[in-house]
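Structure assessment
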Amino acid sequence: MASKVTFIGAGNMAGAIIGGMIESGFAPQDITATAPSDDFLAPLRERLGIRTDTDNDAAVAQSDVVVLAVKPQIMREVCEKMRDAVQARRPLIVSVAAGLPAETLEHWLGGDLPLVRCMPNTPALVGAGAAGLYANAKVDEAQRRLATELMEAVGLVEWVEEEALLDAVTAVSGSAPAYFFLMFEAMEEAGVKLGLPADTARRLAMQTALGAAKMALASDKPPAELKRNVMSPGGTTERAISHLEDAGLRRIMEEAMTACADRAGEMAEELGKR
Ligand SMILES: NC(=O)c1ccc[n+]([C@@H]2O[C@H](COP(=O)([O-])OP(=O)(O)OC[C@H]3O[C@@H](n4cnc5c(N)ncnc54)[C@H](O)[C@@H]3O)[C@@H](O)[C@H]2O)c1
C-alpha cells in the first residue's frame, strides 16, 4: 500500500512539494494538507485533488509520513498541540523548517521519533528543486528511502551526515533561488538601460541562466573552464568578468552565504529552545 503523507501547513513550500509529487506520479488521494482555515486549503484541494483537513490531529492519525511545513516561529506551538496524535501513530517526521534542530522538534513532539530534517527550495514546484536531508539515528533504511523518494519527486536530493551542514545547504540551495531572482532583476534593469525592452531582457536573461545550468550539469568540465570557453581573449565577456571579479563578487557571495548560514544558526537559538 502507498504511504500516506500529510503536510502540516499548506503554504509556499508545501504547495511546491505537493505540486511536484503529483507531477511525478504520487496519487493525490494519498496526500493531505492541513491549515487552520479552509480558505487556504480549498484552492489546493480544487487544483490538485488532494485531501485537506483543518484538524492536524485527525490528519496525523492516518499518516505514515508527517511533513512539518509551518513557519519556524509557530512550530513549537503546532508540534506540542499534536504531540498525543503523533505519539499514538509514530509516523516518520520530515521537517522542512529552516534552523530548527532535529532534537528540539522531536522533543516538542514527545520524543523517540524517526525524524528527517530537510532543507528544500521552491523550484520543487517545477520539479527542479534541490534539497539537503539529514536523518536522526531512529530513521531506518526504509524510511530513508521513503524520504528520498518524496523529495526526489521534486528534484535533487543530497544527504548530509552532520546536522550542522544543513545551515550550509540553506545558504547554497534553500535560500539561493532568491539570489538568482535578484540577478534576473539586476540583469533586466541593466538590459533596459542598454536599450532593450524589459520583457526581452528578462526572457534572454532567464533562458541564459537555464542554458548555463543545463550545460554545466551535462558537462564533465568544471565551471571555470566553461567560463573560459565563453571568454575570447580581449573580448566582451572578459571585460564583464573582470568587472565582476574586481567588484568583489566572490567575496560578496561568501559574505552573503555566511550571513545566511549564521541566520539559520541564530534561528535555532531563538526558536529552538526546548
Ligand atoms: N519558502 C521557501 O523558500 C522555503 C525553503 C525552504 C524551507 N522553507 C521552510 O518551509 C516552512 C514553510 O514556509 P513557507 O514559505 O511555505 O510558509 P507559508 O507561510 O507560505 O506557509 C505556512 C503555512 O502554515 C499554515 N499554518 C499556520 N498555522 C498552522 C497550524 N496551526 N496548523 C497547520 N498549518 C498552519 C499556514 O496557513 C500556511 O499555509 C518554513 O518552516 C520555512 O523555514 C521555506
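Just so it is clear, the model here is predicted, and its values are computed rather than measured.

Examining the UniProt feature "binding site: NADP(+)" (unreviewed entry) in the chain
Mapped onto the present numbering, the UniProt feature "binding site: NADP(+)" (unreviewed entry) falls at I8, G9, A10, G11, N12, M13, A69, V70, K71 and P72. In summary, the annotated positions, though distributed over 65 residues, converge in three dimensions, the widest C-alpha pair being only 13.9 Å. With respect to the element layout, I8 can be found in strand β1 (residues 5-8). Residue classification places I8 among the buried residues on the basis of a relative accessible area of 1%. Apart from residues no more than four positions distant in its own chain, I8 is found in contact with T34, N56, V60, V66, V67, L68, A69, V70, V78 and M82. The residues contacting P72, other than those within four sequence positions of it, are A97, A98, L100, M267 and L271.

Some points on helix α9 (residues 176-193)
Here α9 spans 26 Å end to end across 18 residues, near enough to the 26 Å set by a 1.5 Å rise per residue. The inward-facing, buried residues of α9 abut α8 (165-174) and α10 (198-218). Positioned one or two residues after α9, G195 has a phi angle of 110°, which is positive.

Focus: the site of the ligand
The environment of the ligand is formed by 23 residues, the closest being N12, M13, N56, V70 and A98. The contact in question runs from an oxygen atom of the ligand to an N or O atom on the backbone of A10, over 3.2 Å. At a separation of 3.1 Å, a nitrogen atom of the ligand approaches a polar side-chain atom of N56. Mapped by element, the contributors of at least two residues to the shell around the ligand are α1 (12-23) and α4 (72-81). With 3 residues, α4 is the single largest residue contributor to the shell around the ligand.

What counts and what doesn't
Note on numbering: residues in each chain are counted from 1, in written sequence order. At least 70 in pLDDT is required for a residue's local features to be given in this predicted model, at least 80 for side-chain atom pairs to be given and counted, and no such filter applies to totals for whole chains, interfaces and linings, which use all residues. The side-chain values count all of the structure's non-hydrogen atoms but skip hydrogen atoms and water molecules. UniProt positions are given in the numbering used here, feature names are shortened, and annotations may be inferred rather than shown by experiment. Secondary structure follows DSSP: runs of H or I at least 4 residues long count as helices, runs of E at least 2 residues long count as strands, and numbering of each begins at the N terminus. Buried means the residue's accessible area, taken with a 1.4 Å probe over protein chains only, is under 20% of the maximum for its type, while exposed means over 50%, and partly exposed covers the values in between. Any pair of residues with heavy atoms lying within 4.5 Å of one another is described as a contacting pair. A helix is expected to span 1.5 Å multiplied by its residue count minus one. Working definition: residue near molecule or strand if any one of its non-hydrogen atoms lies within 4 Å of it. Under the rule applied, a polar contact is a pair of N or O atoms within 3.5 Å (in protein, one hydrogen donor and one hydrogen acceptor; residues adjacent in sequence only if both atoms are side-chain atoms).

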